[in-house]
Amino acid sequence: MDADRRTLAREVARRRTFAIISHPDAGKTTLTEKLLLYGGALREAGAVRAQKAARHATSDWLALEKQRGISVSSSVLHFEHRGCRVNLLDTPGHRDFSEDTYRTLVAADAAVMLIDAAKGVEAQTRKLFEVCRLRRIPIFTFVNKMDREGRDSLALMSEIEDVLGIDAVPLNWPIGMGRDFRGVYDRLSRAALLFSGGRHGTLEVDETRIDGEPDSADVRAACGPFAQAVVDGLELLEGAGVRFDRQAVATGGQTPTFFGSALTNYGVLPFLDRFLELAPPPGPQRSNRGLIDPVEHPFSGFVFKIQANMDPDHRDRIAFLRVCSGRFERGAVTVHTRTGKPVRLARSTLVMAQEREEVEEAFPGDVVGLFDPGIFRIGDTLSDEPSLVYAGIPSFSPEHFARVEVAEVMKRKALSRGLEQLAQEGVVQIFGEPGAGSSAPILGAVGPLQFEVLQHRLESEYRVALQLTPLPWTIARWPRAGFDPDAFRFSESVQVVRDRDEHPVLLFRSAWNLQVTRDKYPELVLAETGDAVQPGGEAAGER
Ligand code: G4P
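In short, a report on the structure. Along every chain, residues carry numbers that run from 1 in the direction the sequence is written. In view of the model being predicted, local features appear only for residues whose pLDDT reaches at least 70, and side-chain atom pairs are presented and counted only at 80 or more, with totals across whole chains, interfaces and linings using the full set of residues. The side-chain values count all of the structure's non-hydrogen atoms but skip hydrogen atoms and water molecules.

### Focus on the overall build of the protein chain
Helix and strand assignments come from DSSP, with helices taken as H or I runs of at least 4 residues and strands as E runs of at least 2, each series counted from the N terminus. What the protein chain contains, in helices and strands, is 14 helices and 33 strands. Throughout, exposure labels follow a simple rule: accessible area from a 1.4 Å probe, protein chains only, divided by the maximum for the residue type, with under 20% read as buried, over 50% as exposed, and the rest as partly exposed. Taking all 543 residues of the protein chain together, the buried fraction comes to 56%. Contacts in the protein chain between residues at least 24 apart in sequence constitute 70% of all its contacts with a sequence separation of at least 6. The accessible surface values rely on the Shrake-Rupley method and a 1.4 Å probe; as for residues, cover is taken only from the protein chains in view. Here the protein chain has roughly 22900 Å² of accessible surface; of this, 49% comes from carbon and sulfur atoms. Pairs of residues are marked as contacts when any of their non-hydrogen atoms sit within 4.5 Å.

Set out below in structure tokens:
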């Protein structure tokens, strides 16, 4: 291996690219901040929280523009820890929740599922989990807020298994809970880790390590009044027979689980260390030419997100490129494989906190922001090998639907141009009704903010004022190829439409309607995502 390839192999091996999935308020901002503090990427606590507060302070358009600025810059955070280069991809929640949140997971090699110990598995976590499962990436679980009274830990493990259908395998076990939460027993290294000190905003936690089996005298003494509970809990886990299995973790069949408190820092560092040890480095990616190895192939990557600047004076956009193979070098020329045109990687930025730094080079697993003059679409491949196309980024089921009406007939052309462009950027999904013509399309979005962004951009960039009428659908499913709508007699709670690729899509009012339809037509195979054009791969999520 030549020196360049050796460097590349070393850089790939030390990268960890992941996203945190959670329900609002589980503590994602707090945990992110602690991870950045450990990685030396933040000097003082409070910076991430301040950004979050700014984001939610008001919702007028000026604020939205500012917020966009913030969310661009906080989209990818990176830090170094114990020799690893860690890339943390932001998955917006709350009002910002959108299809981008799902698409970001397509660029991650692993996910951390953050759960509030008192609340268990909540709705948004479940949705994001499903996307991770479709991609079969490893999922690590951090049970947060152990410094408060929460649910029984064993009951939480059962809930994860029942609700998500994945084996939760605790790699550590809590010693006490609430005000008495004093540490964890580390099952892999067979030691109790006791924490003391620490308060929000600092990393000053004292950790004392006591080696020994759970019922050894030393560990019992360390656990104090919780000794028996720890011994019993661990015995039950061992008796349950689910053993930690790296292979099952790698394919998403098992989730290694950790306990702690992001607020007090208890358990954060032991979690981070184990996570970096067990999470995979960037691996081969599926393409029309089979699996593309990150080291063996020349430079390549795919666009998973496009962020437009809302400011009319600065119409630039940023395309987020996940590097998949080879070395990214600023100024190099590569190929935009959908159009076959050469592209110079001239203005590229590594987005971090509120500063944008120019990137000179990047490696597989890294995310680079490219200034986009309007040529990129979600899912595009850039590659030194011109015929390479990465497996497309699927369309995820929208949950909000609306019909478009334009007041002025004269504006219809501008409307379809604008909608087409914005759909390519992934702002919303567009569906057409058979026989309805293209003048009144149906729009679909994962989060309602997507509609607001669409309206704003159509008005400011295409001078089209848009009327949106909400529709009652909440779920979309893509039937397998060969589907003939005339062969079915659907109820009024189901509508057949077509997506931009002319594939049929079924829209349902509710999960119940979906279930009734499935029961009535067991032969109907429905996919959770629309990704019929998946070179080199099977359609994901078929049931
Ligand atoms: P999010 O990004 O997932 O929405 O959650 P965020 O970190 O903002 O945390 C939501 C609330 O939960 C915050 O309280 C935060 O301090 C608290 N929190 C996060 N981690 C822990 C933990 O480990 N233990 C406890 N007890 N609380 C935790 P808040 O009252 O909304 O804000 P603040 O007044 O603390 O700023």
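### Observations regarding the packing of helix H2 (residues 28-38) against helix H11 (residues 268-278)
Axes, fitted as lines to C-alpha atoms, cover a helix only where it is in contact. Angles between the N-to-C directions of the axes lie from 0 to 180 degrees. Where H2 contacts H11, the axes come no closer than 11 Å and their chain directions differ by 75°. Our classification of the angle between H2 and H11 gives roughly perpendicular. Side by side, H2 and H11 meet where Leu31, Lys34, Leu35 and Tyr38 of the first sit next to Val268, Leu269 and Leu272 of the second. Polar here means any residue other than Ala, Val, Leu, Ile, Met, Phe, Trp, Tyr, Cys and Pro, which are nonpolar, and Asp, Glu, Lys and Arg, which are charged; Gly is therefore polar. Along the lines of polarity and charge, the residues of the contact of H2 with H11 split into six nonpolar, no polar and one charged. Roughly parallel covers angles under 35 degrees, roughly antiparallel covers those over 145, roughly perpendicular covers 65 to 115, and oblique covers all other angles.

### Focus on the packing of aromatic side chains
Any Phe, Tyr or Trp ring, taking Trp's six-membered ring, that has another such ring centre within 6.5 Å forms a pair; planes under 30 degrees apart are called stacked, those over 60 apart edge-to-face, and the others tilted. Under the definition given, this model contains 18 aromatic pairs. An aromatic cluster of at least three residues, connected via ring pairs, comprises Phe18, Phe140, Phe142, Phe258, Phe271 and Phe275. It is Arg509 that lies over the ring of Trp473; its NZ or CZ is 5.8 Å from the centre. Comment: the charge-over-ring label is applied if NZ (Lys) or CZ (Arg) is within 6 Å of the ring centre and within 35 degrees of the ring normal.

### Some remarks on unusual backbone geometry
For Arg136, which is not glycine, the phi dihedral falls at a positive 55°. As for its position among the elements, Arg136 is in the loop between helix H6 (123-135) and strand S5 (139-144). Exposure remark for Arg136: the relative accessible area of 52% places this residue in the exposed category. Its identity is not glycine, yet Lys145 carries a phi of approximately 65°, on the positive side. The class for Lys145 is buried, based on a relative accessible area of 18%.

### What to know about the pairing of strand S11 (residues 254-259)
For S11, the buried fraction is high: six of the six residues fall into the buried class. Residue alternation in S11 divides its side chains into two sets, Gln254, Pro256 and Phe258 and Thr255, Thr257 and Phe259, and both sets are buried. Pairing between S5 and S11: three bridges, direction parallel. Across the sheet, Val143 pairs through a bridge with Phe259, a residue of S11. A pair of strands is considered paired only if DSSP assigns at least 2 bridges between the two. By the bridge criterion, four bridges tie strand S6 (residues 167-170) to S11 in an arrangement that is parallel.

### Structural notes on the nonpolar core
Residues enter a nonpolar core if they are buried and are Ala, Val, Leu, Ile, Met, Phe, Trp, Tyr or Cys, with the set joined through side-chain atoms within 4.5 Å. Counting 79 residues, the largest nonpolar core has Ile160 and Phe328 as the members making the most contacts within it. Top element by residues in this core is strand S15 (residues 317-325). It accounts for six residues. The source of the domain bounds is an automatic or database domain assignment. The two domains that each donate at least three residues to this core are domain 1 (18-46 + 106-278) and domain 2 (285-383). Residues Tyr38, Ala262, Phe275 and Ala279 belong to the second largest nonpolar core, which totals 29 residues.

### As for the pattern of salt bridges
A side-chain nitrogen of Lys or Arg and a carboxyl oxygen of Asp or Glu constitute a salt bridge if their distance falls within 4 Å. Considering all chains together, one arrives at 30 salt bridges under this definition. A salt bridge links Glu99 to Arg103; the shortest N-O distance between them is 3.8 Å. Here Glu99 pairs with Arg103, and both are found in helix H5 (residues 99-106), just four residues apart, close to one helical turn. Since its relative accessible area comes to 2%, Glu99 is described here as buried. Taking the relative accessible area as the measure of exposure, Arg103 reaches 5% and is therefore buried.

### Side note on helix H14 (residues 511-520)
Within H14, the full set of buried residues consists of Asn513, Leu514, Thr517 and Arg518. The buried residues of H14 occupy one face: seen down the axis, they fall within an arc of 140°. For H14, the exposed residues lying more than 90 degrees away from the buried face are Ala511, Trp512 and Asp519. Check the buried side of H14 and you find it contacts strand S29 (475-479), strand S30 (494-498), strand S31 (504-508) and strand S32 (526-527). Picture the helix axis, draw a direction to every C-beta atom, and the arc is the one those directions span.

### Notes on the environment of Val169
Tracing the sequence through the fold places Val169 in strand S6. For Val169, a relative accessible area of 2% translates into the label buried. Residues in contact with Val169, not counting those within four places in the same chain, are Arg187, Val242, Arg243, Phe244, Gln254, Thr255, Pro256 and Thr257.

### A word on the pairing of strand S7 (residues 172-175)
Along any regular strand, the residues point their side chains to alternate faces of the sheet. Burial of S7 is two-sided: the residues Asn172 and Pro174 facing one way and the residues Trp173 and Ile175 facing the other way are all buried. Of the pairings in the sheet, the one linking S7 to strand S8 (residues 183-186) comprises four bridges and is antiparallel in character. Bridging across to S8, Ile175 finds its partner in Gly183.

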